[in-house]
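Structural overview for review
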Amino acid sequence: MFSKDTYISRRKRLSELVGSGIIVLLGNNDSPCNYPANAYKFRQDSSFLYYFGQKREGLVGVIDIDNQKEYLFGDDIDIDDIIWFGYVPSVSDLGQEVGVAHSGSMKDFCHFVEENLKKGVTIHYLPPYRDDHKILLSDLLGIHPYKQKESASVKLIKSVVKMRAVKTAEEIEEIERAMAIGYKMHTTAMRACKPGVPEFEIAGMLEGVSHSLGSQVSFQTILSMHGEIQHGYPSTRPLEAGRLMLCDAGAETLNHYCSDNTRVTPISGKFTPQQLDIYSIVEACHDLVIEKAKPGVKWLDMHLDVARMMTDMLKQVGLMKGNTEDAVQAGAHAMFFPHGLGHMMGMDVHDMEGLGQNYVGFDDEVQPSTQFGLNCLRCGRRLEPGFVMTDEPGIYFIPHLIDLWQSQGLHKDFICYDKLDAFRDFGGIRLEDDLLITESGNRVLGEQIIPYHPKDVEEFVAKSQS
């Protein structure tokens, strides 16, 4: 938790941005896994954490803008809770810790909303993503769960995005802590990457590192020889000599800020010439972003610059042909690069994605595309100082996609289909780092950068496994 003044100033700024009405920020409840008493590990809602700081389940934060009052609502624990889980401060005490003067029970909260609805006061809420929240909002506001997302307060959404998108110095410190844990996770994976070791065994090691040093992993670990699968979760398969292991993993600190990195390791310890050809293209695209990303640059343009470089270099190795600009405009490169260049990162690894990507990553100037590949770009807007962006270009050989496009004769003027049979079992390569946009450019976050240049990767693996 940050200082009390941090949360007071955040709520004050939010009130100024929204202007009037009542802001309701729902904290999360415990979620049962396979029976009621066996819950998933609790994780508080990020926007609630950002403004109210408390990690206890069953809380609701309220800001009454017009009357300049703030409330923390929730039911105090009883002796049964204390026996099983230990003592937890009262809701009133939790409120005092973050500068909230007023508190009450959940029954009080429901009465508060009911009375203000009768007065015609606007209730601002964020799009709910949990079923228990949808039921509560349905009971309180009379809005059917299917209509709650479209009825959520656009003014509140835009205000939260405006604040959370620009990271303060203390937030960057937290992300740097996550990066340090992420470094240990990824170097652990590189050390363990040997023929015969099961994928899930290595993924388990990474989760152990994160849990022992932080709160949890920032998302479910992606670790697979099938790097062409965007969310290739670890299987029981043993790693095979001659193939590549893609590891996309991140940590979350005790204050719930994230890291997100991807690395690719040759399972035999050395890249083959074919693997090095493709790896070098991704490496160059990754480094282009570090060279060019700065305030005022549209992330959409950064993505397209990477697509042009990738197309040029794929032409050099004989996998694409034709005019580069025409190929990119047509979306032919998306055969190999079917996702966006990167996303915002902070308390959520895809920061604020639940608030609506149109509000988080786009604006009046830059709108999402419907073109295949480009439609997966999560951010296109101009960069600002304080943004934290992931830089994650990749090249993938997806047999089903290759077969589909070839059967349709799609982009045959740009894609050398006759050369792709040699890559059907290649997998995929993605390199990902996290960039802080500064006043004049950007900075790669993390005191120690996980090895990614080919020689550095091979040397690291050789030293750690000798």
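For the structure itself, consult the block above.
Summary of the structure given here.

About the thresholds
- Residues numbered from 1 in each chain as written.
- Predicted model: local features only at pLDDT ≥ 70, side-chain atom pairs only at ≥ 80, totals over all residues.
- Heavy atoms only, no water.
- Helix = DSSP H or I, 4+ residues; strand = E, 2+ residues; numbered from the N terminus.
- Rg over C-alpha atoms; globule rule 2.2 N^0.38 Å.
- Buried < 20%, exposed > 50% of the residue type's maximum accessible area, 1.4 Å probe, protein only.
- Phe/Tyr/Trp six-rings, centres within 6.5 Å; stacked < 30°, edge-to-face > 60°.
- Lys NZ or Arg CZ within 6 Å of the ring centre and 35° of its normal.
- Core = buried A, V, L, I, M, F, W, Y, C linked by side-chain atoms within 4.5 Å.
- Contact = heavy atoms within 4.5 Å.
- Polar contact = N/O pair within 3.5 Å; in protein donor to acceptor, adjacent residues only side chain to side chain.
- Pairing = 2+ DSSP bridges.
- Axes fitted to C-alpha atoms, helices over the stretch in contact; angles between N-to-C directions.
- Lys, Arg positive; Asp, Glu negative; His and termini not counted.
- Salt bridge = Lys/Arg side-chain N within 4 Å of Asp/Glu carboxyl O.
- Expected span 1.5 Å × (residues − 1).
- Arc of directions from axis to C-beta.

This part is about the overall build of the protein. Counting secondary structure elements, the protein contains 16 helices and 17 strands. Taken against the 2.2 N^0.38 rule, which gives 23 Å for 466 residues, the C-alpha radius of gyration of the protein at 24 Å falls within 12% of a compact globule. For the protein, the spread of C-alpha atoms along the principal axes amounts to about 70 × 50 × 45 Å. Put simply, the protein has 466 residues, and 55% of those count as buried.

Time to look at the packing of aromatic side chains. Describing an aromatic ring pair means giving the distance of the ring centres and the angle of the ring planes. A full pass over the atoms with the stated rule returns 14 aromatic pairs. Where Tyr71 meets Phe112, the ring centres are 4.9 Å apart and the plane angle is 55°; that geometry is what we call tilted. Of this pair, Tyr71 sits in strand β5 (residues 69-73) while Phe112 sits in helix α5 (residues 106-118), placing them 41 residues apart in sequence. The rings of Tyr71, Phe73, Phe109 and Phe112 are connected pair by pair, giving a single aromatic cluster. The ring of Tyr50 has Arg10 lying over it, and the distance from NZ or CZ to the ring centre is 3.8 Å. Seen from the ring of Phe52, Arg11 lies directly overhead, with NZ or CZ sitting 5.1 Å from the centre.

What tends to happen in soluble globular proteins is that the nonpolar side chains get buried as a cluster. In this structure, Leu14, Val62, Phe109, Trp299, Phe336, Ile395 and Phe397 are the most contacted members of the largest nonpolar core, which totals 123 residues. Element by element, the count of residues in this core is highest for helix α12 (residues 299-316), at eight residues. In this view, Leu14 contacts Ile23, Tyr51, Ile63, Leu156, Ser159, Val160 and Met163; residues no more than four positions away in its chain are not counted. Membership of the second largest hydrophobic core comes to 18 residues, among which are Met225, Leu239, Met245 and Ala249.

As a further point, take the side chain of Thr253. Relative to the helices and strands, Thr253 is located in the loop between β11 (251-252) and β12 (261-266). At 2.7 Å, the side chain of Thr253 and the side chain of Glu174 are in polar contact. For Thr253, the residues in contact, after removing those within four places along its chain, are Glu174, Arg177, Ala178 and Ser215.

On to the environment of His102. With respect to the secondary-structure elements, His102 resides in strand β6 (residues 102-104). For His102, a relative accessible area of 32% corresponds to the partly exposed category. Each residue touching His102, except ones within four places of it in the same chain, is listed here: Lys69, Glu70, Tyr71 and Leu72.

An order of β13-β16-β17 is seen for the three strands of this open sheet, with the pairing classed as antiparallel. Edge positions in the open sheet fall to β13 (388-391) and β17 (442-444), since each of these has one partner strand only. Each strand axis lies, on average, 35° off the axis of its neighbour in the sheet, ignoring direction. Pairing between strand β16 (residues 433-437) and β17: three bridges, direction antiparallel.

Take the side chain of Glu283 next. With respect to the helices, strands and loops of the structure, Glu283 is situated in helix α11 (residues 273-292). Comment: no salt bridge for buried Glu283; closest opposite-charge side chain is Arg263, at 10 Å.

The next subject is the environment of Met313. Assignment of secondary structure puts Met313 in helix α12. If near-sequence neighbours (up to four positions away) are discounted, Met313 is found in contact with Ser280, Ile281 and Ala284.

With 15 residues, helix α10 (residues 199-213) should reach 21 Å at 1.5 Å per residue; the first-to-last C-alpha distance of 22 Å fits that figure. Every buried residue belonging to α10 is among Glu199, Ile202, Ala203, Leu206, Val209 and Ser210, and all of these are buried. On an axial view of α10, the arc spanned by its buried residues comes to 115°, and they lie on one face. Buried residues along α10 sit against α9 (169-192), β8 (216-217), β9 (222-224), β10 (244-249) and β11.

Now for the pattern of salt bridges. As enumerated under the stated definition, the model contains 25 salt bridges in all. The residue Arg243 makes a salt bridge to Glu240 at a minimum N-O spacing of 3.9 Å. For Arg243, a relative accessible area of 18% gives the class buried. Residue Glu365 is joined to Arg382 by a salt bridge in which the shortest nitrogen-to-oxygen separation is 2.7 Å.

On to the sheet that holds β12. The strand order across the open sheet formed by three strands is β9-β10-β12, and the pairing between neighbours is antiparallel. Of all strands in the sheet, those bounded by a partner on one side alone are β9 and β12. Taken pair by pair, the neighbouring strands of this sheet meet at an average axis angle of 10°, ignoring direction. Where β10 and β12 come together, six bridges link them in antiparallel fashion. From the neighbouring strand, Met245 faces β12, where its bridge partner is Thr265.

Honestly, that's just the spatial picture; any functional story needs more than this.
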